[in-house]
Amino acid sequence: MREAIQSRLTPNRDGLRLVVGMAALMWVVEVIDAIDSHRLDQYGIEPRQADGLIGIVTAPFLHAGFTHLIGNTIPFLVLGCVIAVRGLARVATVTAIVALVSGLGTWLIAPAHSIHIGASGVVFGYATYLVARGFFTRRFVEMAVGFLVAIGFGSALLSGLEPHSGISWQGHLFGGIGGVLAARLLSEGRRERPSVRRAASA
């Protein structure tokens, strides 16, 4: 019995460790970046430049100062840990899909000669994943979680899509799209099927 419970909890703990580890890495990188006069920020997403593609991987760990980092860390941890309840594979897959869609979309349509950094695209993806997954799985608990996320983060999501100088609304938009895509892809085969009555033959 204990072994069964232990095996069930281990993936959840591993998922939480991944989320906390990514957040910790953001802080380590920002400390180094601040000491180095923010030279690491050049490795963000630079639209339609071949070497700017590296930013799809690095941009979520780079921030324009500690205020920017704090603003992303809190929702990243809250939303990421909710997703991590489903295990390491789930939160890792959602993160990969969201980061790829957000980063590639930004690289394709953001203004030239700009550099985009920050984890807000991933945060938007986490939020829309949690909101959307209940619609695909039809599970009450997941729909309830999505409702709470929509209430708690809805206004921030909408305001983040408004074009503002110095704000990568493109990353927010495609991060949100990536979250919905992740919810759709990961819900395959998880919809609850109606029970089928079985009648014994006479």
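Our structure is the block above this text.
Just so it is clear, the structure is predicted and the values come from calculations on it, not from any experiment.

Any chance you could explain the packing of helix H4 (residues 88–109) against helix H5 (residues 120–137) here in plain terms?
The relative placement of two packed helices is expressed as an angle between their axes plus a distance between the axes. Relative to each other, H4 and H5 sit at 125 degrees, their axes nearing to 9 Å. The angle between the axes of H4 and H5 places the two elements in the oblique class. The two elements H4 and H5 cross, and the hand of that crossing is right-handed. Residue-level contacts link Arg90, Val91, Val94, Thr95, Val98, Ala99 and Ser102 of H4 to Gly121, Val122, Gly125, Tyr126 and Tyr129 of H5.

Looking at this structure, how should I read the nonpolar core?
Most often, soluble globular proteins have nonpolar side chains that are buried together. Counting residues in each nonpolar core, the largest one holds 32 residues, and the members touching the most others are Phe76, Leu79, Ile83, Val94, Tyr126 and Tyr129. At the level of elements, helix H1 (2–35), helix H3 (66–84), H4, H5, helix H6 (140–159) and helix H7 (169–186) are the ones that each hand at least two residues to this core. At nine residues, H5 tops the list of elements feeding residues into this core. Once residues lying within four places of it in the same chain are set aside, the contact partners of Ile83 are Arg90, Val91, Val94, Tyr126, Tyr129 and Leu130.

Would you explain the side chain of Asp41 in this entry?
By the element assignment, Asp41 lies in the loop between H1 and helix H2 (55–58). For the buried Asp41, no salt bridge is present, and the opposite-charge side chain at shortest range is Arg39, 11 Å distant. With near-sequence residues (within four places) excluded, Asp41 lies in contact with Asp33, Leu62, His63, Ile115 and Ile117.

Sorry, what's going on with the pattern of salt bridges here?
Pairing is possible between side chains that carry opposite charge, provided their charged atoms lie close to one another. Tallied over the entire structure, the rule returns three salt bridges. Asp36 is paired through a salt bridge with Arg39; the nearest N and O atoms lie 3.4 Å apart. For Asp36, a relative accessible area of 28% puts it in the partly exposed group. Take Arg39: its relative accessible area is 53%, and that puts it in the exposed class. Residue Glu142 pairs with Arg86 through a salt bridge whose shortest N-O separation is 2.7 Å. Placement of the pair is Glu142 in helix H6 and Arg86 in the loop between H3 and H4, with a sequence separation of 56 residues.

What exactly am I supposed to notice about the side chain of Ser168 here?
By secondary structure assignment, the location of Ser168 is in the loop between H6 and H7. Within the local environment of Ser168, its side chain forms a polar contact with the side chain of His116, the two groups lying 2.8 Å apart.

Before we go on, may I ask you to explain the environment of Cys81 in this structure?
As for its placement among the helices and strands, Cys81 is situated in helix H3. With 69 residues separating them in the primary sequence, Cys81 and Asn12 have C-alpha atoms 9.2 Å apart. Excluding residues that lie within four positions of it along the chain, Cys81 makes contacts with Leu16, Val19 and Phe76.

Scoring rules and cut-offs
- Residues numbered from 1 in each chain as written.
- Predicted model: local features only at pLDDT ≥ 70, side-chain atom pairs only at ≥ 80, totals over all residues.
- Heavy atoms only, no water.
- Axes fitted to C-alpha atoms, helices over the stretch in contact; angles between N-to-C directions.
- Helix = DSSP H or I, 4+ residues; strand = E, 2+ residues; numbered from the N terminus.
- Parallel < 35°, antiparallel > 145°, perpendicular 65-115°, else oblique.
- Left-handed = near helix turned anticlockwise from the far one by under 90°.
- Contact = heavy atoms within 4.5 Å.
- Core = buried A, V, L, I, M, F, W, Y, C linked by side-chain atoms within 4.5 Å.
- Buried < 20%, exposed > 50% of the residue type's maximum accessible area, 1.4 Å probe, protein only.
- Lys, Arg positive; Asp, Glu negative; His and termini not counted.
- Salt bridge = Lys/Arg side-chain N within 4 Å of Asp/Glu carboxyl O.
- Polar contact = N/O pair within 3.5 Å; in protein donor to acceptor, adjacent residues only side chain to side chain.

Bear in mind that shape data such as this cannot, by itself, settle questions of function.
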